[in-house]
Amino acid sequence: MTRIEIVLGDITAQDTEALVTAANESLLGGGGVDGAIHRAAGPRLAAAGAAVGPCDPGDAKATPGFELPPPVRFVIHTVGPVWEGGDEGEAEVLASCYRRCLAVADGLGVRSVAFPAIATGVYGFPAEPAARIAVATLGSTRTSVELIRLVAFDEEAEEVLRTALDDAQHPSGDGGAVS
Ligand code: APR
């Protein structure tokens, strides 16, 4: 059984076996969450990214976590869609990011994965639909991962994720506890 939980904080401080980064296609590192993870993992992450890159939007590739503290063993690099208004297949690419990250995690045999809100920063994907896509995709993808942690970087993002998860788990809108 896979549990989806939401936390407010920095993804580099999460005690999961894998961290997902919202990368660009080169996998050489960038700003935002990618910059934070590359800073925490050290310079070998960019070299490892270069060795497995480039990565197409919607795909995911794994590298070691290098200097990220245990239990983090892997970084799963995924490339989200750049938001162009919503009619360019952005939703399908974002769903693919979440699906492929779980498939890569299963290939690595990890049981816990932390995700940022992929594509909702520099790439401009609106936070509410992105959260709904994340929760719907993660909740409907078969995986051996037991803990999926969605990491919100600010309280607004946290509220958006909690609402999306609650709506998905209580479609009748009857409210109820949110993990
Ligand atoms: N921990 C958790 N979440 C974070 C952190 C962090 N340390 N830093 C940023 N975030 C959040 C942002 O608030 C946003 O909600 O991650 C989400 C994704 O934002 P970006 O990092 O801008 O990623 P994205 O929108 O997918 O754009 C990717 O930006 O940094 C470049 O190289 C990257 O070109 C790529 C593009």
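Thresholds, definitions, all that
- Residues numbered from 1 in each chain as written.
- Predicted model: local features only at pLDDT ≥ 70, side-chain atom pairs only at ≥ 80, totals over all residues.
- Heavy atoms only, no water.
- Core = buried A, V, L, I, M, F, W, Y, C linked by side-chain atoms within 4.5 Å.
- Buried < 20%, exposed > 50% of the residue type's maximum accessible area, 1.4 Å probe, protein only.
- Helix = DSSP H or I, 4+ residues; strand = E, 2+ residues; numbered from the N terminus.
- Contact = heavy atoms within 4.5 Å.
- Phe/Tyr/Trp six-rings, centres within 6.5 Å; stacked < 30°, edge-to-face > 60°.

### What to know about the nonpolar core
Ranked by internal contacts, the top residues of the largest apolar core, which has 35 residues, are Phe115 and Leu150. For this core, the secondary-structure elements that each account for two or more residues are strand S1 (3-8), strand S2 (18-23), strand S4 (74-79), helix H3 (90-108), strand S5 (112-115), helix H4 (127-140), strand S6 (147-152) and helix H5 (155-169). If you tally residues by element for this core, the top one is H3, at eight residues. Discounting residues that sit within four places of it in the chain, Leu150 has contacts with Ile4, Glu5, Ile6, Val7, Phe115, Val135, Leu138 and Leu161. Counting residues in hydrophobic clusters, the runner-up holds eleven residues, among them Val7, Ala41, Leu45 and Ala114.

### Thoughts on the packing of aromatic side chains
Evaluated as defined, the whole model comprises two aromatic pairs. Ring geometry for Tyr98 against Phe115: centres 5.3 Å apart, planes inclined by 35°, an arrangement best described as tilted. Of the two residues, Tyr98 sits in helix H3 while Phe115 sits in strand S5, which places them 17 residues apart along the sequence. Since its relative accessible area comes to 2%, Tyr98 is described here as buried.

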